[in-house]
Structures are given as C-alpha cells and as structure tokens.
Amino acid sequence: MAENPEEFDIVVIGAGFSGLYALHRLRKDYKTICFEAGDGVGGTWYWNRYPGARVDIQSVEYSYGFDEELQQEWKWPEYFSAQPELEEYANHVADRFELRDNIRLSNAVESLRFDKETNRWHVQSENGDYVLCKYIIAATGSLSAPNMPDWPGREKFRGEIYHTTQWPREPIDLRNKRVGIIGTGSTGIQAAPLLAEKSKQLTVFQRTPAFSMPSGNRPTDEEHERNWKENYGERRDKMLDTYGVSLIEYGTKSAHECTPEEQHAILEEGWTSKSAFQMMVAFTDVMTDRAANEVVCEFVRSKIREIVDDPATAELLCPTDYPIGAKRLCIDNGYFSMFNRDNVSLVDVKAAPITELTETGLKTTDASYDLDVIVMATGFDAVTGALTRIEVEGVDGLKLRDKWSEGPTSYFGFMVAGFPNLFMIHGPLTPAALAQMITAGEWQVDYAARVIDDMEKDNYSCIDTTEEAEQSWADEVNIAASHTIFGQANSWYNGKNIEGKKGGFMIYVGGFPRYRELSENALNNNYKGFVRS
Ligand code: NAP
C-alpha cells in the first residue's frame with residue numbers, strides 16, 4: 001500500500017454505464033477518479049460476452065439521453081443490440097467524452113473505510129492505490145457479482161468450465177464437444193440456442209423452467225430510427241414517466257373483464273408485439289392478481305406446447321409453480337424451438353439435483369453425464385453482492401456486510417445509515433432492473449450530483465441518513481411489493497436464488513415515477529430523512 005494517499009473529491013467505483021456517466025457528470029466540477037475491475041469499460045456489457053448476450057429492451061431506449069449529439073449520431077444496427085454493439089457504445093462514450101484518463105482499469109476497489117474525524121473515505125485498490133476522497137459513488141451494478149454454486153469435485157473436472165459472466169474474448173471451439181449448460185434464466189436462455197448450433201451435443205440442466213417470449217429482434221429500419229431521432233426529447237421525457245421503457249403498451253382492461261376470446265387476442269398480439277415485457281402488462285392486473293396472471297401463464301404454456309415437438313420435454317419446460325413476471329421474464333431468440341434439434345436434451349435438476357462435478361462431467365442424484373464443457377449460467381449474488389464483496393467500513397467500525405447480514409437496508413437505495421457520503425446507484429431497494437437501467441442510472445447520478453452540489457454550496461462536510469428513514473423506506477418497499485405477485489417466486493429479486501442469503505424483497509416495485517417523486521420530495525423538503533453536518 002502506498003504511504004501517501006492521493007486526494008480526490010470523488011471516487012466512482014465501476015466503469016459500467018452509470019459509472020461512466022457519473023464520471024462525465026461530476027468531473028467537470030470535482031476532482032474525480034473511477035476504479036474498474038475489468039480491463040475495459042462497459043460493466044455488464046464488458047463482462048457478459050457469452051454467445052447470444054443481447055439486451056432485452058429496445059436500444060433506442062436502452063441508451064444514454066444526456067447528450068443530444070450522441071443520441072442523434074449513434075446508429076443501432078438492430079432493435080435489440082447484442083453485447084458487441086453495447087460494448088462498442090461504452091467505448092465510444094469513454095473516448096468521445098475523453099473519460100479514459102480518469103479511469104483506472106484492472107484495478108478493483110478492495111476496501112473503503114470512513115474516517116469521521118476528517119469526513120474522508122480511505123479507498124484501497126487491488127493494485128495498491130491508496131486514495132482519500134470526500135464522496136463515493138458506488139456504481140457497482142446490481143447484477144455483477146457472479147453466483148458460482150459450490151459443487152464438490154470442480155478441480156477434478158478435466159474439461160473446460162465457463163461462467164457466462166466471465167466468458168473469454170477469444171471464440172471457444174465447441175465443434176465435436178459435449179456441452180452442458182446449467183441455468184435457464186435470461187442468460188441460459190439466450191446462450192443455449194447458439195451453443196446448440198456450435199456444439200456436438202447440448203444438455204440443458206434446468207432447475208426451474210422459465211417463462212420466455214420471443215424478442216422479435218430485427219435489423220433497425222430507417223423509419224424507426226428517424227422517428228426516434230426526430231422526437232428524442234419528448235420520448236426521453238415519456239420514458240422517465242414510465243419504467244424507462246415507453247414502447248410497452250399498457251393494457252387498459254382487467255383479465256376478468258375480457259371474454260376468453262378477447263384475452264386470447266390481446267395475448268396473441270402481445271406475444272408478437274416485439275416489445276419486451278408486454279406480457280406483464282397485457283391486462284391491468286397481471287402483476288397484482290394471481291388469477292389474472294394465470295391466464296397469461298396458461299397462454300405462454302400453450303405456446304411452449306405448440307413449439308416443442310416432444311410432449312414430455314414441452315411439459316418439463318412449462319413453468320407451473322410461480323406467476324409469470326415474478327422471476328424476470330426472459331426474452332429469447334429460438335429457445336423453445338431449440339429443443340426440437342436432435343443434439344439437444346433437457347435434464348430436470350429439481351427432481352434430481354446436481355451433487356458433484358467429476359473427472360468426466362457431472363453427477364446428479366440419479367445419473368452421470370459425460371461432458372467436455374460446462375457452462376454455468378447460474379446468475380448473480382444480485383443487488384448487494386458487488387458491495388458486500390468489498391470491505392466497506394462506515395462510522396465506528398460498522399461493516400456493511402454485518403449491517404446487511406439479515407438483508408439490505410437503505411434510504412431510497414441511495415444511502416445506508418452509518419455510511420456517510422457514500423451514494424449508491426441502483427442500490428438495494430431501488431427499482432433496479434424493474435426500470436430501464438441506463439435511464440434510471442442517469443437519473444440517479446443526477447440526483448447524487450444535486451446532493452453533492454448542495455453540500456458544497458452550503459459548506460457541509462458530511463451527509464448521512466438514519467435508521468428511521470431506512471425503516472420508512474423499507475415500509476414503502478414492502479407495501480409496494482405486497483400489492484403484487486413479485487414475491488411469489490424464488491428469484492434474485494428476493495435473494496432466494498442464493499442458498500442461505502437472507503433478507504426480503506430487494507427491489508422497489510412501486511414504479512420509477514413514484515420512486516423519483518419520493519426521492520425528490522425528500523430533498524425539496526429540507527433533506528427529510530438525511531442528516532447533514
Ligand atoms: P438467473 O435469472 O438468476 O438464472 C440463473 C439460473 O441458474 C436459474 O435457472 C437458476 O435456477 C439456475 N441455478 C442457479 N443455481 C443453481 C444450482 N445450484 N443448481 C441448478 N441450477 C441453478 O440469472 P441470469 O440468467 O444470469 O439472469 C439474471 C438477470 O440478469 C436477469 O433476470 C436479467 O435481469 C439480467 N439479464 C438480462 C439479459 C437481457 O437483457 N436479455 C440477459 C441476461 C441477464 P432457479 O431458477 O431454480 O434458481
């Protein structure tokens with residue numbers, strides 16, 4: 001560790017989309033540095049380079065709105081961009097706004113310690129950098145800490161193992177290889193069809209079947225692009241008044257108000273609407289009423305049965321024990337039809353769980369499978385994982401990991417009591433992935449910038465929140481969730497995807513507009529719930 005620390009006003013952790021914007025936004029007025037674990041920028045779109053990685057929201061929306069020239073000049077080749085385009089876009093932004101000199105790549109932050117005598121954070125990185133700063137922007141991502149199930153025997157396996165979040169840059173030769181993919185969430189569902197095409201044999205190990213609808217991806221047509229570019233200002237405003245996604249058509253009728261024929265027509269239109277997540281809002285009550293939700297579930301199951309030739313495989317692919325949308329709805333490009341290929345098979349690892357990896361493959365409680373390559377599409381220690389993997393120590397030696405041991409607490413997902421001057425972007429109890437992450441991230445960075453500007457203007461040195469404020473926000477989050485069906489599945493939203501992870505629902509489902517309104521009201525109301533000194 002360097003003895004003499006460098007001094008900055010602000011340290012941004014993470015050079016993903018929110019971190020890049022935070023650096024750009026704050027660097028104008030404050031001495032700001034950004035630390036990034038990867039050797040490139042782009043966050044999610046740097047790490048997740050597995051075959052088939054593609055965004056599930058249209059790129060005209062899933063993109064920055066802070067710079068008019070950028071959004072006018074950038075061309076998205078497809079409606080739903082693939083990872084290479086998104087990574088290229090992040091690199092373009094880093095170059096265009098000359099951010100690179102302030103980004104330290106391959107240099108993850110290892111520890112953060114707050115000194116309340118000086119109101120400074122002590123930041124140490126894996127390369128031995130030692131920095132003192134007044135503010136931290138934790139743009140660490142809500143889906144960035146990989147979940148690696150700890151099966152015994154991993155070291156014995158003679159083949160190759162890849163986690164989808166750490167996919168190599170160089171193409172992997174899968175010809176003549178027997179590939180096993182574990183996990184059928186958004187990632188597994190995107191990767192599997194391409195792995196099936198490239199490999200000799202693909203075995204899909206499924207614990208919970210997923211609801212998925214076709215993405216409808218296609219090349220961008222000129223009319224669509226022109227229409228957006230001519231109206232970007234208005235459209236970005238509309239996005240802020242929704243979930244950051246304006247292209248969904250929100251149903252106006254309850255499922256119970258429709259005849260079976262009407263229900264079918266609405267759902268059929270939703271299925272081919274080419275707008276992701278249309279199914280979740282096809283009727284007004286899909287996400288609040290289990291019976292209405294079941295109408296949509298049954299429709300999707302009927303599609304699976306229609307697409308998949310083998311009835312037993314089709315049944316195994318049909319989700320039956322949780323409502324649609326309670327786990328993130330998946331968007332696919334040919335996932336279900338892939339099971340009609342001769343080289344693809346499906347294994348139920350809920351009925352017979354995986355017990356160990358062996359020299360030649362893996363074992364479940366009732367069989368052994370020979371594999372050359374194992375792909376882990378097993379998801380993330382979501383929302384809290386990225387920050388709890390850093391040693392974060394607030395006032396009086398309070399460790400963030402301990403504070404969150406029974407589940408995360410926060411005020412607006414923005415601050416945690418006892419950790420002054422540390423601002424989270426997409427932190428626990430924000431709308432996170434239930435709003436469109438780039439737009440919501442930009443909004444949250446602007447919110448943090450407003451707080452910092454006010455602090456400096458009014459000569460404050462420290463801002464914290466209180467346990468009472470955290471409790472009031474927890475109540476709002478829990479009430480919002482209790483009116484919905486979101487809690488009725490084991491998912492990364494509630495941490496139940498990770499064995500032993502504690503805590504309740506980690507996402508605010510009251511909507512991005514209400515989230516903005518309440519967060520802004522607090523600042524306008526003399527910083528209600530915050531304590532400045
Ligand atoms: P995920 O949704 O959490 O899925 C992980 C999968 O691994 C699940 O099928 C899970 O089964 C399975 N799994 C985990 N541990 C297992 C074990 N011990 N044994 C057997 N199976 C196990 O993770 P993800 O697919 O990476 O997606 C996470 C989120 O990232 C998505 O919800 C989405 O928000 C985002 N994402 C978006 C896109 C996109 O934009 N298109 C693409 C990828 C990811 P269970 O369901 O039984 O837990």
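Structural data are supplied above this passage.
About the thresholds
Residues numbered from 1 in each chain as written. Predicted model: local features only at pLDDT ≥ 70, side-chain atom pairs only at ≥ 80, totals over all residues. Heavy atoms only, no water. Helix = DSSP H or I, 4+ residues; strand = E, 2+ residues; numbered from the N terminus. Rg over C-alpha atoms; globule rule 2.2 N^0.38 Å. Buried < 20%, exposed > 50% of the residue type's maximum accessible area, 1.4 Å probe, protein only. Contact = heavy atoms within 4.5 Å. Areas by Shrake-Rupley, 256 points an atom, 1.4 Å probe, with all protein chains shown as cover. Near = heavy atom within 4 Å. Polar contact = N/O pair within 3.5 Å; in protein donor to acceptor, adjacent residues only side chain to side chain. Nonpolar A, V, L, I, M, F, W, Y, C, P; charged D, E, K, R; others polar. Pairing = 2+ DSSP bridges. Axes fitted to C-alpha atoms, helices over the stretch in contact; angles between N-to-C directions. Expected span 1.5 Å × (residues − 1). Parallel < 35°, antiparallel > 145°, perpendicular 65-115°, else oblique. Left-handed = near helix turned anticlockwise from the far one by under 90°. Phe/Tyr/Trp six-rings, centres within 6.5 Å; stacked < 30°, edge-to-face > 60°. Lys NZ or Arg CZ within 6 Å of the ring centre and 35° of its normal. Core = buried A, V, L, I, M, F, W, Y, C linked by side-chain atoms within 4.5 Å.

Caption draft 1: Structural view of the overall build of the protein. For the protein, the count of helices and strands is 16 helices and 20 strands. The C-alpha atoms of the protein give 23 Å as radius of gyration, which agrees with the globular expectation for 533 residues (24 Å, within 12%). Along the first, second and third principal axes, the C-alpha set of the protein runs to 70 × 60 × 45 Å. By the burial criterion, 58% of the 533 residues in the protein qualify as buried. Long-range contacts, defined here as pairs at least 24 residues apart, represent 71% of the contacts in the protein between residues at least 6 apart. When the accessible area of the protein is evaluated, it comes to approximately 21,900 Å², of which 47% is carbon and sulfur surface.

Caption draft 2: The site of the ligand, seen in detail. Near the ligand, the surroundings consist of 24 residues, among which Arg 54, Thr 187, Thr 208, Lys 327 and Trp 492 are the closest. Side-chain polar atom of Thr 187 to an oxygen atom of the ligand: 2.6 Å apart, as the coordinates give it. Ala 377 places a polar main-chain atom, nitrogen or oxygen, 3.3 Å from an oxygen atom of the ligand. In isolation the ligand exposes 910 Å². Once the protein is present, 88% of that is buried. Considering every element that reaches the shell around the ligand, the biggest residue donor is helix α5 (residues 186–198), with three residues. Here the residues of the shell around the ligand sort into nine nonpolar, 10 polar and five charged.

Caption draft 3: Local environment of the sheet that holds strand β9 (residues 201–206). The five strands are arranged β7-β16-β8-β9-β12 in an open sheet whose pairing can be described as parallel. Sheet topology places β7 (160–163) and β12 (344–348) at the edges, where each strand pairs with a single neighbour. For this sheet, the mean angle separating the axes of adjacent strands, direction not counted, is 20°. Pairing of strand β8 (residues 178–182) with strand β16 (residues 373–376), which is carried by four bridges, proceeds in the parallel orientation. From the neighbouring strand, Ile 181 faces β16, where its bridge partner is Val 375. Each of β8, β9, β12 and β16 is contacted by α5, which is oriented at about 170° to β8, the strand it contacts most.

Caption draft 4: View of helix α4 (residues 83–96). Helix length check: α4 (14 residues) gives 20 Å between terminal C-alpha atoms against 20 Å at 1.5 Å per residue, within 8%. Buried-residue contacts for α4 involve α1 (17–27), α2 (44–47) and α3 (68–73). Looking at the residues trailing α4, positive phi occurs at Glu 98, about 50°.

Caption draft 5: Layout of the packing of helix α8 (residues 260–271) against helix α9 (residues 290–307). Contact geometry of α8 with α9 gives a least axis separation of 11 Å together with a crossing angle of 60°. Between α8 and α9, the interaxial angle falls into the category oblique. Once α8 is placed against α9, the crossing between them reads as right-handed. The residues of α9 that touch α8, namely those facing Gln 263, His 264, Leu 267, Glu 268 and Trp 271, are Val 295, Val 296, Phe 299, Val 300, Lys 303 and Ile 307. Classifying every residue of the contact of α8 with α9 by side-chain character gives seven nonpolar, two polar and two charged.

Caption draft 6: Broad picture of the packing of aromatic side chains. According to the stated counting rule, one finds 38 aromatic pairs in the structure shown. Ring geometry for Tyr 335 and Phe 336: centres 5.2 Å apart, planes at 65°, overall edge-to-face. When sorted by exposure, Tyr 335 lands in the same class as Phe 336, which is buried. For the ring pair Trp 443 and Phe 512, a centre distance of 6.0 Å and an interplane angle of 85° mean the geometry is edge-to-face. In this pair, Trp 443 is assigned in helix α14 (residues 437–457) and Phe 512 in helix α16 (residues 512–524), connecting sequence segments 69 residues apart. As far as the burial class goes, Trp 443 and Phe 512 line up, both buried. Stacked on the ring of Phe 8, the Lys or Arg Lys 31 has its end atom at 4.7 Å from the ring centre. The ring of Tyr 527 is capped by Arg 532, whose NZ or CZ atom sits 3.6 Å from the centre of that ring.

Caption draft 7: Region of the structure containing the sheet that holds strand β13 (residues 354–357). Taken together, three strands build an open sheet; the order of strands is β13-β14-β15 and the sheet is antiparallel. Each edge of the open sheet is held by one strand with a lone partner, namely β13 and β15 (368–370). Neighbour to neighbour, the strand axes of the sheet diverge by 20° on average, direction disregarded.

Caption draft 8: Seen up close, the pairing of β16. A two-sided burial pattern is seen for β16, the buried positions comprising Val 373 and Val 375 on one face and Ile 374 and Met 376 on the other. Relative to β16, β7 runs parallel, the two sharing four bridges. Among the inter-strand pairings, Ile 161 is bridged to a residue of β16, identified as Ile 374.

Caption draft 9: A look at unusual backbone geometry. Look at Ser 106: it is not a glycine, yet its phi comes out positive at around 50°. With respect to the helices and strands, the residue Ser 106 is situated in the loop between β3 (103–104) and β4 (109–115). Judged by relative accessible area, which is 31%, Ser 106 ranks as partly exposed. Of note in this structure, Ala 432 is not a glycine but carries a positive phi near 40°. Tracing the backbone through its elements, the reader meets Ala 432 in the loop between β18 (422–424) and α14. Relative accessible area serves as the criterion here: at 2%, Ala 432 is assigned to the buried category.

Caption draft 10: Focus on the nonpolar core. If you look at the biggest cluster of nonpolar residues, it comprises 136 residues, and the most contacted ones within it are Ile 137, Leu 202, Phe 423 and Phe 530. When residues of this core are assigned to their parent elements, the largest contribution, 10 residues, is made by α14. If we skip the residues at most four places from it in the chain, Ile 137 touches Ile 10, Val 11, Val 12, Ile 13, Ala 22, Leu 26, Phe 423, Ile 425, Ala 448 and Ile 452.

In short, the description is geometric, and any link to function would need to be established separately.
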